[in-house]
Amino acid sequence: MKVSFIFIAFFLISGLSSPVNSQTDSCNSIFNDTNGQIPFDTSSLHCKAVWTSQDYILSYAQSGSNVWSFVLSAPNSNAYIAIGFSPNGNMVGSSAIVGWIAADGVAGMEQYFLGGQTPSQVQPNQGDLTVVENSSAIVSASSRLYMAFQLNTGQPRSQLLYAVGPTGIFPSAPGYVLTEHSNHVSTTLNYVTGETQTQNSPYSNLRRSHGILNMLGWGILLPIGAIVARYFRRWDPIWFYSHISIQGVGFILGVTGISCGFVLENKLGANVNNHKGIGTFILVLGCLQVMAVLARPDKVSKYRKYWNWYHSSVGRLLIFFAAVNIFYGIHLGSAGNGWNAGYGSVLAVLFVFAAALEIRMWMTK
């Protein structure tokens, strides 16, 4: 009896102290709905949630001495799904596997080399991934897509990118041009432990500084300064010094933000010619406004009314293009809807405030 108790205690302790498999989650029955359409054995794959906001699950395993098996599973949102293998965590220079099944059932899978950020620089049937022949498949089952493939490699790259395409837009023959993704994430994966981490975008602090400085300088302070100049002239000379101070701070912040943008473009090698062109135009308009203040005629001068017209027109043009370029920059940086909503809310408040003051001004004339 005593011996039996010792054995029972031993097995209980052994069971409680046996190591928990924290490497990856087993796939269990995740592939049951694919009905054997994946062209390789999935029973030994390990599954890991790699992009929780998009419900992306990566299943992987080493299937041979130089063969790795992958299945990327994601919700079927009528958009392409993609996984990229990056040498440094950046999109540019990566090779990606992209798969899709359109609403009419037309399916496709292609390897792309991501040579840049424009569709013309994303080259189909290119890349440095050696895909095992007849190992690729894209399957739709239970409202999910399963993109399966095997790679000939001793060790896959651990810096992985995931992307989802725009709804309803797919590559098509003969060019298979890949439209820019609607969302993406950069991660690292430890194939041994299964640990995955989301990486910050390269130069994330510089990106953030570029966006915040331009938004605050050109996009918020300058409109406030313009409101002061138009609706608070009765408090002379307080309105004038307030206007000059607000616009001066906005100009300094904006110039600093644009400078950050030039540095960021140089470091990333990004193709943002349209964004850069609008930003340069805004900078020129800002410099013209500063020079106009230095050349401001006296109140009694016959040229003063033309100066007033010029100064207000250039200011309005600057504010308009600043707002447009800020929203465009949010889009290019994939900053998300929160930034759009935040800046849009600020603009809405300023617009309502200015509209109320405009109505009041016309009513008191």
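The structure presented is a predicted model; accordingly, all values stated were derived computationally and were not measured.

Novice: Sorry, what's going on with the nonpolar core here?
Specialist: In globular proteins that are soluble, nonpolar side chains generally tend to be buried together. Counting residues in hydrophobic clusters, the biggest one holds 28 residues, and the most contacted among them are Tyr56, Leu58, Phe70, Ile83, Phe85 and Tyr162. Elements supplying a minimum of two residues to this core: strand S2 (46-51), strand S3 (56-64), strand S4 (67-75), strand S5 (81-86), strand S6 (94-101), strand S10 (144-152), strand S11 (159-164) and strand S12 (183-189). Apart from the residues within four sequence positions on either side, isoleucine 83 is in contact with Leu58, Leu72, Ser95, Ala96, Ile97, Met147, Phe149, Leu160, Leu161 and Tyr162. In this structure, Tyr80, Ala82, Tyr112 and Phe170 belong to the second largest nonpolar core, which totals twelve residues.

Novice: Is there a simple way to think about the packing of helix H2 (residues 204-231) against helix H5 (residues 304-332) in this case?
Specialist: Axes are the key here: two packed helices are described by the angle between their axes and the distance separating the axes. Running from amino to carboxyl end, H2 crosses H5 at an angle of 155°, the nearest separation of the two axes being 9 Å. As far as their axial angle goes, H5 and H2 are roughly antiparallel. As for how H2 packs across H5, the hand of that crossing is left-handed. Counted together, Asn214, Met215, Trp218, Gly219, Leu222, Pro223, Ala226 and Arg230 of H2 and Arg316, Leu318, Ile319, Ala322, Ile326 and Ile330 of H5 form the full contact between these two elements. When grouped by side-chain class, the residues that make up the contact of H2 with H5 number ten nonpolar, two polar and two charged.

Novice: Which parts of the structure should I look at to understand the pairing of S3?
Specialist: Sheet faces and side chains relate simply in a regular strand, where the side chains alternate between the two faces. Two elements, S2 and S3, share five bridges in a ladder whose sense is antiparallel. When the bridges of S3 are listed, histidine 46 appears paired with tyrosine 60. If you look at the hairpin formed by S2 and S3, you'll find four residues sitting between the two strands, and aspartate 55 has a positive phi there, around 60°. Pairing geometry for S3 and S4, over seven bridges, is antiparallel. Residue pairing across strands places serine 59 opposite valine 71, the latter belonging to S4. From the end of S3 to the start of S4, which pair antiparallel, there are two residues.

Conventions we followed
- Residues numbered from 1 in each chain as written.
- Predicted model: local features only at pLDDT ≥ 70, side-chain atom pairs only at ≥ 80, totals over all residues.
- Heavy atoms only, no water.
- Core = buried A, V, L, I, M, F, W, Y, C linked by side-chain atoms within 4.5 Å.
- Buried < 20%, exposed > 50% of the residue type's maximum accessible area, 1.4 Å probe, protein only.
- Helix = DSSP H or I, 4+ residues; strand = E, 2+ residues; numbered from the N terminus.
- Contact = heavy atoms within 4.5 Å.
- Axes fitted to C-alpha atoms, helices over the stretch in contact; angles between N-to-C directions.
- Parallel < 35°, antiparallel > 145°, perpendicular 65-115°, else oblique.
- Left-handed = near helix turned anticlockwise from the far one by under 90°.
- Nonpolar A, V, L, I, M, F, W, Y, C, P; charged D, E, K, R; others polar.
- Pairing = 2+ DSSP bridges.

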